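# Observations on chain architecture
In case you want the letters, here they are:
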Amino acid sequence: MKKIQLLILGYSSFMRRRALPSIKKIQKIKYFICSKSNKINLKKKILFNDYDQALTKSKPDIVYISLINSLHFKYAKKALEKGLNVIVDKPITTSLHETKILLQLAQKKKLLISEAILYNHHNVFNKIIKLCNGVNNISHIQSNFNIPLIKNSNEIINIKGDCEMDMGPYAASIIRLFSDKTIKELKVFKEYFKTNKKAIKSFFVLAKLKNCTYFGNFGFDKTYISNITFFTKNKIISSPNRIFALPSNKDVSILVEQKKGIKKINIKRDDCILNFFKKILYAIKYKKNKNFYNNILSDAIIREKINLT
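A few points on the structure. (Residues numbered from 1 in each chain as written. Predicted model: local features only at pLDDT ≥ 70, side-chain atom pairs only at ≥ 80, totals over all residues. Heavy atoms only, no water.)

## A short note on helix α1 (residues 13-23)
For clarity, the threshold we go by: Each residue's exposure class comes from its accessible area (1.4 Å probe, protein chains only) as a fraction of the maximum for that residue type: buried when under 20%, exposed when over 50%, partly exposed otherwise. Secondary structure is summarised from DSSP: a helix means a run of H or I of at least four residues, a strand means a run of E of at least two, and numbering begins at the N terminus for each. Contacts: residue pairs with any heavy atoms within 4.5 Å of one another.
Among all positions in α1, only M15, R18, A19, L20, S22 and I23 are buried. Where the residues of α1 are buried, they touch β1 (4-9), β2 (29-34), β4 (62-65) and α8 (272-286).

## Comments concerning a nonpolar patch on the surface
Which entries qualify depends on this criterion: Each patch groups residues whose relative accessible area exceeds 30% and which form no salt bridge, using 9 Å between like charges and 5 Å between nonpolar side chains of Val, Leu, Ile, Met, Phe, Trp and Tyr. What sets the accessible areas is the Shrake-Rupley method with a 1.4 Å probe; for residues, cover comes only from the shown protein chains. Definition used for salt bridges: Asp or Glu carboxyl oxygen within 4 Å of a side-chain nitrogen of Lys or Arg.
On the surface, I40, L42 and L47 cluster together into a nonpolar patch covering about 300 Å² of accessible area. Note that I40 resides in the loop between β2 and β3 (46-48).

## A word on the sheet that holds β3
The line we're drawing: Following DSSP output, two strands are said to pair if at least two bridges run between them. Geometry is summarised by axes, namely lines fitted to C-alpha atoms with helices restricted to the contacting stretch, and by angles between N-to-C directions that run from 0 to 180 degrees.
Reading across from one edge, β3-β2-β1-β4-β5-β6 is the order of the 6 strands in this open sheet, with parallel pairing throughout. The sheet is open, and its two edges are formed by β3 and β6 (113-116), each paired on a single side. The sheet shows a mean angle of 30 degrees between the axes of neighbouring strands, taken without regard to direction. Relative to β3, β2 is paired through 2 bridges, and the arrangement is parallel. Residue C34 lies in a different strand from β3, and its bridge partner there is F48.

## So, the layout of surface pockets
Put simply, the test is: In this analysis a 1.4 Å probe is tested at points of a 1 Å grid over the protein atoms alone, and where it fits but cannot get out there is a cavity; an open set with protein on both sides within 12 Å along at least five of seven lines is a pocket; lining residues have an atom within 4 Å of a point. Grid points are joined across faces, edges and corners, and a volume is the space filled by probe spheres set on the points. We call Asp, Glu, Lys and Arg charged. Ala, Val, Leu, Ile, Met, Phe, Trp, Tyr, Cys and Pro are nonpolar, and the rest, Gly among them, are polar.
Looking at the largest pocket, its volume works out to about 1200 Å³. Ranked by residues supplied to the lining of the largest pocket, first place goes to α1 with 4 residues. For the lining of the largest pocket, a count of residues per class yields 22 nonpolar, 6 polar and 8 charged.

## Let's talk about the sheet that holds strand β14 (residues 261-267)
Neighbouring strands of a sheet are bound in pairs by backbone hydrogen bonds; such pairs are parallel or else antiparallel. Ordered by their spatial adjacency, 8 strands build an open sheet running β8-β9-β10-β7-β11-β12-β13-β14, and the pairing between neighbours is mixed. The two strands at the open ends of the sheet, each matched to only one other strand, are β8 (183-193) and β14. Neighbour-to-neighbour, the strand axes of this sheet turn through a mean angle of 15 degrees, independent of strand direction. In this sheet, β14 lies alongside strand β13 (residues 252-258) in antiparallel orientation, the contact comprising 7 bridges.

See below:
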């Protein structure tokens, strides 16, 4: 069986900790890495130190771009121009205009391009949607995602990695996944770093949608918080903590609150990254690219609205 060749551009912390352990589970994939900050290491499969050289000299089927945000567009475009399928860490680009350029190029060359929004591929969401009797029965959604700040504001600006840039994709994807995406009213409140007024430290989204309302709280803070709560007419469904980065080796549970009381429902462990890659391989094999295109464009449009509000 011929294996899918996966070139990973960038040896980020996320790639090392989260993505690679899942990628290694897929026997159909043979991966190799290009890292500027690590020496060539055959054991770790680091075969290149230059991104352009890796794209030119290797012959991958897929390129996974796990670089700083400011380099996403540049190398996604180069990979597509070389006829390669592309996965890009979120945010896929830093603007709607750049995203549209990548989509047009992918469509022209009939290639897959995907933004690595991963959390929603965990089976916990199938259970939540079933408990809600479908997304149309959701009346309100509330999400909270705060992570400890590990970079200074100047560094954040240089890599285009402030809170809105890094967490905007989560807000956009929640609206896309759990509503009809029709934004009737949008309010956004932004807090900037005191040391640098160009970088956003936290932001709050309040959206009135056709079928529900949504409130999202996102921030770089000292305390780690990660949850989503869904409200229906007669239920409140609380996600597990760490919902945006659920571990693949642990069972999780959700809480369902009704008039008769609170019920705990256990969900078997699942690997959202593994599930994501399985969908990628299926799409490439059968040329099922349209849903990926639509999801990227929808999220980019919503992110642009958040950015401009």
